[in-house]
Amino acid sequence: MPVKKTAGLKAEAVNEQTLVIVESPAKAKTIEKYLGSGYSVKASMGHLIDLPKSRMAINTEHNFEPEYITVRGRAKLLKELQKDAKKAKEVLLASDNDREGEAIAWHLQEALEGKTAAPIKRIVFNEITPQAIKEAVLHPRQIDEQKVNAQKARRVLDRLVGYNLSPLLWKKVKNGLSAGRVQSVALKLICSREDEVESFIPEEYWTLDADFIKGKSKFSAQLVSYQGHKPELLNEDAVQKIIAEITGAVCTVTDVKTTEKTLRPKPPFTTSKLQQAAANKLGFTSRKTMQVAQQLYEGVNIGSNRIGLITYMRTDSVRISQTAIEDVRAWILQNYPEELPAKPVEYTVGSKAQDAHEGIRPTYTAYTPDSVKEYLTRDQLRLYTIIWERFVSSQMNTAKSRTATVEIAAGDAIFRCSASKVIEKGFYKVIKLLSSKEETTGVLPSLKAGEQVTALKFYPEQHFTQGPARYTDASVVKTLEEKGIGRPSTYAPIISVLLDRYYVTRSNKQLVPTPLGRMINDILTESFPDVVNENFTAEIETKLDDIEEQGTDWTKMIGDFFFPFHAKVEQVMANQESFKGLMDEQTDQICELCGRPMIKKLGRFGFFLACSGFPECRNTRSIPLAKCPKCGGDIVSRKSKGRGKEFYGCANYPKCDFISHFKPLNAVCPRCGQFLVEKYDKKNGLYKSCINPNCDYLHSADDLETVAPSDDGKISTTE
């Protein structure tokens, strides 16, 4: 083995391998297969060097210089990489091609430069395929300092906000709380929506449908006009009046229209659109979507080959490479030649997109979902399917639908019905999730203007207006994207942090702020309106882009924000009243262990009862939410052992096995007296329903009795 001598370094046996450092072991395993014996591929496991967790570590008096340290528990791995680099003939830093990846590469370069004489270079790629990896190795580059500075600016800014606001919350609210810059804005959005949900008062309205028949064909239509105006059906009397007036009237077809509509395919997925589609179609959380996408990107075993099935999944661009265009058009020509456009379909990249990466697409079109399904987990296959279908369909011909609309006069009333059918499938030919119901909606007999039909029956139906929907993973990501808050890499972590801190919980896939989250939001909104301002947060993202793209001074941007912000923190710290006294509320409940009074406290997982004799007595218990319909005991919040999912059960378990997956409300059913729970479905939206399976009560605009704990802790009702 040859010996290499370099200035400043001890002579060391050197092999002829190139060291490639990636972020994850799965990626390392895939890439090492592609590069062969001349390369050694190691994983850094993400950041090896970062800011310490125990202190702010930002020098605010000297250009906000961060104090980086080796991440706790990673020193051994860093030494191993330094040892490997010392023996290598060349080091290639292959972390992800984004700001975080560039920062990881920069830190590694700093840590390795004094330990090896081998040249250290940076390589990037958008997909993990043999061609892409070998091409990247042939074209290494230097570290992008501007991209590193943009990441540094974000990291420093978030550290300054968090390490100034968190001590304020400790002093004024409760120890152990924390606040983040972007997460606080998302929390404000969720809390504001919850205020709208709670303040909404449903209003009653009615619709009127009718069944008609022509020959042997029966069809339905809805009332759309009465006496020349849109009907205002505010109550049942108004509907019944119309029914009485048109019963027995001659029913005549007055208008028949047929229209055709061109349906265009959608562009390839961006990160936010993938998260939205996975939430709506597959029921995935944003975190789960990104975890599964990461697996598909880093590589899976397809037979004897290991292949990255999709391109990089953190992108805000819909741009597609020329190679990918040629690949997908060749596949379409072979499989659906009649649906291949004369020219490639082009999509406009949004003005806010960084366009550093392509849109999310399969690396090889030939790897159809059917051809790889036996090698993938169920979740991997489902996500890969919608990515593959979205990309391939984006380069196919448009589809066309035909809609027939019929109007029928019955006295002074006009009823309307319509039926649609996809007449040219176009790009829909590769979308298997398209159901027959979507291809054809409604069925109408052949009708002509002037023909008479017979009214069989009228169907009046009561409805209540639906208030604003709570945010879901999909809708909050959509809102964050539209408002320019965060970037593709941050959408999923924003939601995860709020859930992990228990500022927000999930209920029926909806994001609901907890009492703790609402309290934090109230304080931040009142005292730091600029920090939680959506426009300010979006402006920060623009300034970070300027640092990366134009090389603007990141320290000036930080200084313009920090000094006024820090002064405001000190002012609030001195003048803001403490909420700590309000957090602990005396109750008439008695500790069953020591006989002392119980105190209502707000903890990380919501309100609970704790013995006032703490620390001598550490007894705690959940706060009763209602009375058990089976045994009369207390219904309390509980969590499943496996996934920690919240449900509601009797405190007398195991003697009483009553459970409910719906949260009890502070209201009782006016029909049977049992408690109400909150439910959600697409038909009714958010509504209240009786827990009694034999009671069909649904909440309307009726006044409800509220439930309140009595002096002895039992549940009583008050008007």
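As shown above, the structure is provided for reference.
Read on for an overview of the structure. On a predicted model such as this, the values are computed, not experimentally measured, just so you know. (Residues numbered from 1 in each chain as written. Predicted model: local features only at pLDDT ≥ 70, side-chain atom pairs only at ≥ 80, totals over all residues. Heavy atoms only, no water.)

## What about unusual backbone geometry?
Condition: Going along the chain from the N terminus, every DSSP run of H or I of four or more residues is numbered as a helix, and every run of E of two or more is numbered as a strand.
Cis geometry is adopted by the peptide bond preceding P615, which originates at F614 and carries an omega value of 10°. Within the secondary structure layout, P615 lies in the loop between strand 24 (606-611) and strand 25 (620-621). Between Y653 and the following residue, P654, the backbone shows a cis peptide bond with an omega angle of 10°. Along the polypeptide, P654 turns up in the loop between strand 28 (646-650) and strand 29 (659-660). Within the chain, M45 stands out as a residue other than glycine whose phi angle is a positive 60°. Following the sequence through the fold, M45 ends up in the loop between strand 4 (39-43) and strand 5 (49-50). We note that N63 has phi near 55°; this positive angle belongs to a residue other than glycine. By the element assignment, N63 lies in the loop between strand 6 (58-59) and strand 7 (65-66).

## Observations regarding the environment of E298
We count it as follows: Exposure classes here rest on a 1.4 Å probe applied to the protein chains alone. A residue is buried below 20% of its type maximum, exposed above 50%, and partly exposed in between. Contact definition: two residues touch when any of their heavy atoms are within 4.5 Å. Polar contact is the term for a pair of N or O atoms within 3.5 Å; when the atoms are in protein, one must be able to donate a hydrogen and the other to accept it, and sequence-neighboring residues count only if both atoms are side-chain atoms.
In this fold, E298 is placed in helix 9 (residues 286-298). Residue E298 is classed as buried on the basis of its relative accessible area of 8%. Considering only alpha carbons, one finds E298 and C611, 313 residues apart in sequence, at a separation of 51 Å. In contact with E298, other than residues within four places in its own chain, are S24, A26, K27, T30 and I128. One polar contact links E298 to Q294, side chain to side chain, over a distance of 2.8 Å.

## Here's the deal with the packing of aromatic side chains
Basically, it comes down to this: Each Phe, Tyr or Trp ring, with Trp reduced to its six-membered ring, pairs with another whose centre is within 6.5 Å; inter-plane angles below 30 degrees give stacked pairs, above 60 give edge-to-face pairs, and intermediate values give tilted ones.
Across all of its chains, the model carries 15 aromatic pairs by this definition. Taking 5.9 Å as the distance between ring centres and 55° as the angle between the ring planes, the aromatic pair formed by F528 and F565 counts as tilted. One end of the pair, F528, is in the loop between helix 16 (515-527) and helix 17 (534-550); the other, F565, is in helix 18 (residues 554-575), and 37 residues separate them in sequence. With 5.0 Å between their ring centres and 20° between their planes, F561 and F565 make a pair best called stacked. Of this pair, F561 and F565 both sit in helix 18, four residues apart, which is roughly one turn of the helix. With respect to burial, F561 and F565 carry one shared label: buried. One aromatic cluster is present, formed by F212, F219, F415 and F458 through successive ring pairs.

## Here we look at the sheet that holds strand 10 (residues 120-122)
Basically, it comes down to this: Here a strand pair is declared whenever DSSP counts at least two bridges between the two strands. In this analysis an axis means a line fitted to C-alpha atoms, helices contributing only their contacting stretch, and an angle means the value between N-to-C directions, from 0 to 180 degrees.
An order of 4-3-9-10 is seen for the four strands of this open sheet, with the pairing classed as parallel. The open sheet has two edge strands with one neighbour each: strand 4 and strand 10. For this sheet, the mean inter-axis angle between neighbouring strands, taken without regard to orientation, is 25°. Bridge analysis of strand 9 (residues 90-93) against strand 10 gives three bridges, and the strand direction is parallel. Bridge pairing in strand 10 places L92 opposite K121.

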